[in-house]
Amino acid sequence: MRIFFLLFSTILCLSGLQAQQNRLQQQIRQLIESKKAQVGVAVIINGQDTLTVNNDVQYPMMSVFKLHQALAVINYIEKQGLSLDTPVYIRKEQLHPNTYSPLRDKYPQGNISLPIRELLTYTLQLSDNNACDILFQYQGGVDTVNQYIHSLGVTDCAIVCTENDMHQDESLCYQNWTTPLAAARLLEIFRKEALFPQEYKDFIYQTMTECQTGQDRLVAPLLGKEVTIGHKTGTGDRNAKGQQVACNDIGFVLLPDGHAYSIAVFVKDSEENNQENSKIIADISRIIYEYVTHQ
C-alpha cells in the first residue's frame, strides 16, 4: 500500500508539473501569436525541466555564435598548452571597415599584439566582428568550431561562415543557424561539465555576466533582482524584405535560492521594429523568471 501511495503521489506531482509547463508554454504562445516574426524559445530549468516553443525551425545565430567560438578557442589553447595571455598579432588588413568593431576603432592602424583574453572580451562582451574573425583565423576556422560544438553532442546547429562572409553576402546569415534547444543545451554543458580547467571556465563565465550588449533583452526584467545572469546576444540587419533577420539572446540565470535555468530566445525575419523585437525577448524573460520563482 505504501509503494502504491508513493507511486500515486509521484504521478500527481508529475501531472501537476506538466500542467504548469503547459500553461507556461501557452502564455508564451499568446505573447508571440500577434507578432509579425518567427519566435523560438527554449528553457531548461534546474537541469531537467525543458520547455520549447517553435523549436523545429533553424534560426540565424548572428553573434550568438561567438559563445560557440569562445568555447572552441578555449579548447584549442588548452590542448596546445597555451594561456589566455598568449598574444595574437593583428594586421591592419584584418580590421575590416564598415562592420561593428570597437577593436578597430581603438586600434585603427592595427599591427599590434593583444592577448587572447582581450580578444575574447571584445567578442563576448562587445560582439566585435573583427575580433571574432581574427580568432577564427587563429584557431583553425569555422569548421573547427563547428566540429568542436558537435563533439559536445550539440548537433542541431551549424557554423559555416565568418562575420566578414555574412557582411559580404547577407543571405549567408542564415547558414549559421541553431535551434533554441541546442543553444540552451550548450549553455547547460558549459555551466555543468568540466570542458576545460576551471580558470578558463571562470573567465568565460565572468565575461558573459559582464556582457554589455542587449541590455533591453533577457537582462531587462531582471534588473534589480537578486540574480546572476550571463548572456550572449545576436543582432541582424534588415533584409531585402525589410525584415530584421535576427534579434537573439541566450543566457543562464542563477537565483539566490539555488534554482537555475538556461534560456534561449530567437526572433527571426521580423517585421516589427527593433525595439519591439528586443521587448519580445524581455517579455519572455520576465514570464520565465516569474514561473521559476513562483513554482
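Being a predicted model, the structure only gives us computed values, none of them experimental. (Residues numbered from 1 in each chain as written. Predicted model: local features only at pLDDT ≥ 70, side-chain atom pairs only at ≥ 80, totals over all residues. Heavy atoms only, no water.)

### A short note on the sheet that holds strand β8 (residues 228-235)
The pairing of strands in a sheet happens through backbone hydrogen bonds and is either parallel or antiparallel. The condition is simple: Between any two strands, at least two bridges found by DSSP are needed for them to pair. Secondary structure follows DSSP: runs of H or I at least 4 residues long count as helices, runs of E at least 2 residues long count as strands, and numbering of each begins at the N terminus. Lines fitted to the C-alpha atoms define the axes, with helices restricted to the stretch that makes contact. Angles between their N-to-C directions range from 0 to 180 degrees.
The five strands lie next to each other as β2-β1-β10-β9-β8, forming an open sheet whose pairing is antiparallel. For this open sheet the edge positions go to β2 (49-53) and β8, each flanked by a neighbour on one side alone. On average, adjacent strands in this sheet sit at an angle of 5 degrees to one another, irrespective of strand direction. Pairing geometry for strand β1 (residues 38-45) and β2, over five bridges, is antiparallel. When the sheet's bridge partners are listed, I44 is paired in β2 with T50.

### Here's the deal with the pairing of β8
The line we're drawing: For every residue, the accessible area (1.4 Å probe, protein chains only) is compared with the maximum for its type, and the residue is labelled buried under 20%, exposed over 50%, or partly exposed between those bounds.
Counted residue by residue, β8 has six buried out of eight residues, so it is predominantly covered. Two elements, β8 and strand β9 (residues 244-254), share eight bridges in a ladder whose sense is antiparallel. Opposite G230, over in β9, you have F252 as the bridge partner.

### A look at helix α8 (residues 180-192)
Inclusion rule: Multiplying 1.5 Å by the residue count of a helix minus one yields the expected span of that helix.
Taking 1.5 Å per residue as the helical rise, α8 with its 13 residues ought to reach 18 Å, and the 19 Å between its terminal C-alpha atoms agrees with that figure. The element α8 is largely enclosed, with a buried count of ten among its 13 residues. Among the residues of α8, P180, L181, A182, A183, A184, L186, L187, E188, I189 and F190 are the ones counted as buried.

### What to know about the sheet that holds strand β7 (residues 177-178)
The strand order across the open sheet formed by three strands is β3-β7-β6, and the pairing between neighbours is antiparallel. Because the sheet does not close on itself, it has two edges, and the strands there are β3 (59-60) and β6 (157-158). Pairing of β3 with β7 involves two bridges; the strand directions are antiparallel. Across the sheet, residue P60 finds its bridge partner in β7, namely W177.

### Notes on the packing of aromatic side chains
Selection criterion: By convention, a stacked pair of Phe, Tyr or Trp rings (six-membered ring in the case of Trp) has centres within 6.5 Å and planes under 30 degrees apart, an edge-to-face pair has planes over 60 apart, and any other such pair is tilted.
Under the criterion given, the structure shown has five aromatic pairs. Taken together, F190, Y205 and F252 form an aromatic cluster joined through their ring pairs.

### Let's talk about the nonpolar core
Our working definition: The term nonpolar core refers to a set of buried residues drawn from Ala, Val, Leu, Ile, Met, Phe, Trp, Tyr and Cys, joined through side-chain atoms within 4.5 Å. Contacts are assigned to residue pairs that have any heavy atoms within 4.5 Å of one another.
Counting residues in each nonpolar core, the largest one holds 59 residues, and the members touching the most others are L103, L119, L120 and I204. At eight residues, helix α2 (residues 65-79) tops the list of elements feeding residues into this core. Apart from the residues within four sequence positions on either side, I204 is in contact with L67, A70, L71, I74, L124, F190 and F196. Counting residues in each nonpolar core, the second largest holds 29 residues, with I28, V39, V53 and V253 among its members.

### Re the packing of α2 against helix α6 (residues 142-151)
Rules: The scheme is simple: roughly parallel for angles under 35 degrees, roughly antiparallel for over 145, roughly perpendicular for 65 to 115, oblique for anything else. When residue character is reported, Ala, Val, Leu, Ile, Met, Phe, Trp, Tyr, Cys and Pro are called nonpolar, Asp, Glu, Lys and Arg charged, and the others, Gly included, polar.
Where α2 meets α6, the axes come as close as 9 Å, and the angle between the chain directions of the two elements is 90 degrees. Compared by their axis directions, α2 and α6 come out roughly perpendicular. Note on element contacts: α6 touches α2 through V145, Y148 and I149, opposite H68, Q69, L71, A72 and N75. Residues that form the contact of α2 with α6 fall into these classes: five nonpolar, three polar and no charged.

### Focus: the pattern of salt bridges
Opposite charge on two side chains lets them pair, provided their charged atoms get close. Condition: Note on definitions: salt bridges are taken to be side-chain nitrogens of Lys or Arg within 4 Å of carboxyl oxygens of Asp or Glu.
Scanning the entire structure with this criterion turns up ten salt bridges. Of the charged contacts, one joins R91 and E93 as a salt bridge, the two residues approaching to 3.0 Å between their closest N and O atoms. The exposure class assigned to E93 is exposed, which follows from its relative accessible area of 52%. The salt bridge partner of R286 is E290, with a shortest N-O separation of 3.6 Å. Of this pair, R286 and E290 both sit in helix α10 (residues 274-294), separated by four residues, roughly a single helical turn. Taking relative accessible area as the criterion, R286 reaches 32% and is therefore assigned partly exposed.

### Regarding the environment of T121
Here T121 is to be found in helix α4 (residues 116-126). T121 sits 83 residues away from I204 along the chain, and the two C-alpha atoms are 8.7 Å apart.

### Overview of the environment of A184
Structurally, A184 can be placed in helix α8. Judged by its relative accessible area of 0%, A184 is buried. For the pair A184 and V265, spaced 81 residues apart in sequence, the C-alpha separation works out to 9.2 Å. For A184, the residues in contact, after removing those within four places along its chain, are A42, I44, S262 and A264.

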